[in-house]
Amino acid sequence: MLSLVSVLIQDGKASSMHPPRIVDMYANCTFSFLPQEKMSPYAEHTGGLTRECLGNRECLLGYYSAVTAMDENVGRLMATLASLGIDEDTLVVFSSDHGFNAGQHGLWGKGNAVYPPNLFETSVMIPLTFRHKGSIMPGNTRDTVNVVDIGPTLLEYAGNFSYPSSINLAGSSFLPLLHGGRDRKREDAYSMVCMEYGQTRGVFSRQYMKAITRQFGHQELYYHDLDPNETTNVALSTGPSVVDFELSITRMRSWFSLIEDPYLSGWMLPVTGRGQLRAVTYNAAGQPNTPAFSPVYPHHSLQCPAKGGCEGNDLYDSFLSWWDVD
């Protein structure tokens, strides 16, 4: 298996980091299709890239130049497979590990554009394309799948494979969808996709609701049929939304309880979104060893007790005050 990784440069150095011929494609582009919304109040404290790039055309120019260059090189790869006569023997999967806010929600970046991390659709929605000439017919599906489903799907696609019954897999194969069929488990009214970024967790249900909860900070609930851009948080409203939120979070917690290791769970650890420095380990007293995650700021270290929870931590308390902003 050949894995190719492309890194998109997200800052404003477009002219020096990308071929001029690609940058020049956007010479007259105003990027008016990307409204630069008012800066999120949370980004004022933790969103360095947002403060640098929000409303900055050079950043947009750099990002779209990078995307265009990547798209061009995907085309070169596909042409090479065809010229070598191996495109019918090659399954190509194109995807990403996260989405991106380029002004939406007043942010620039992905889930870690602010702290605690966000789970806006613009942060978590990704492309997912499977191509195997002669085996997978052209088409698309609106069924909801998750990145944790890709592994089981690839293994099933490659041939007979079964997991030991002792393993609780987070994902499941969606192979029927690749062959134009139906995946009835995803059509169930109670099907859902759960997600986690550190101490932020969310669940998207087939009823087009997304509920988000955090160890600390605001809770969120969006109805995508009425509010696809997630502009109105109704988690604190009265009426049916209260029930919807509680039921969604309860089902999400049940799902995580089946698969997580509480000592390695991002929900229980001080994940800042600034990078992991080393493996998570504990001493004999059950306390974390050397911090595994980069601090939000160089002079801060977000330390939490064993098994998670950050109450009493100065940085935690300051975050609580920030998240009181309406």
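Keep in mind the model is a prediction, meaning the values are calculated, not measured. (Residues numbered from 1 in each chain as written. Predicted model: local features only at pLDDT ≥ 70, side-chain atom pairs only at ≥ 80, totals over all residues. Heavy atoms only, no water.)

## Structural notes on unusual backbone geometry
Here is step 1 of the chain: Put simply, Y115 and P116 share a cis peptide bond, and its omega is -5°.
Here is step 2 of the chain: Locating P116 in the fold gives a position in the loop between strand 3 (108-109) and helix 6 (121-124).
Here is step 3 of the chain: Backbone geometry at F31 places phi at a positive 55°, although glycine is not the residue there.
Here is step 4 of the chain: Within the secondary structure layout, F31 lies in the loop between helix 2 (20-23) and helix 3 (43-46).
Here is step 5 of the chain: The residue E230 is not glycine, and still its phi comes out positive at about 55°. (Helix = DSSP H or I, 4+ residues; strand = E, 2+ residues; numbered from the N terminus.)

## Let's talk about the state of the cysteines
Here is step 1 of the chain: Counting across every chain of the model gives one disulfide.
Here is step 2 of the chain: For C53, the disulfide goes to C59, at an S-S distance of 2.2 Å. The disulfide joining C53 to C59 has a torsion of about -60° about its S-S bond and is therefore left-handed.
Here is step 3 of the chain: Looking at C53, the relative accessible area reads 0%, which means it is buried. (Disulfide = S-S within 2.5 Å. Buried < 20%, exposed > 50% of the residue type's maximum accessible area, 1.4 Å probe, protein only.)

## As for the environment of H218
Here is step 1 of the chain: Secondary-structure assignment places H218 in the loop between strand 7 (209-214) and strand 8 (220-223).
Here is step 2 of the chain: According to the relative accessible area criterion, H218 is partly exposed, its value standing at 23%.
Here is step 3 of the chain: Linking H218 and T200, residues 18 residues apart in sequence, is a C-alpha distance of 10.0 Å.

## Here's the deal with the pattern of salt bridges
Here is step 1 of the chain: Taken as a whole and judged by the stated rule, the model has seven salt bridges.
Here is step 2 of the chain: Taking the shortest distance from any N to any O, the salt bridge between D87 and K133 comes out at 3.6 Å. Of this pair, D87 sits in the loop between helix 5 (57-83) and strand 1 (92-95) while K133 sits in the loop between strand 4 (128-131) and helix 7 (150-158); the two residues are 46 residues apart in sequence, bridging distant segments of the chain.
Here is step 3 of the chain: E220 is paired through a salt bridge with R214; the nearest N and O atoms lie 2.7 Å apart.
Here is step 4 of the chain: Take E220: its relative accessible area is 7%, and that puts it in the buried class.
Here is step 5 of the chain: Judged by its relative accessible area of 5%, R214 is buried. (Salt bridge = Lys/Arg side-chain N within 4 Å of Asp/Glu carboxyl O.)

Worth remembering: the numbers are spatial, not functional.
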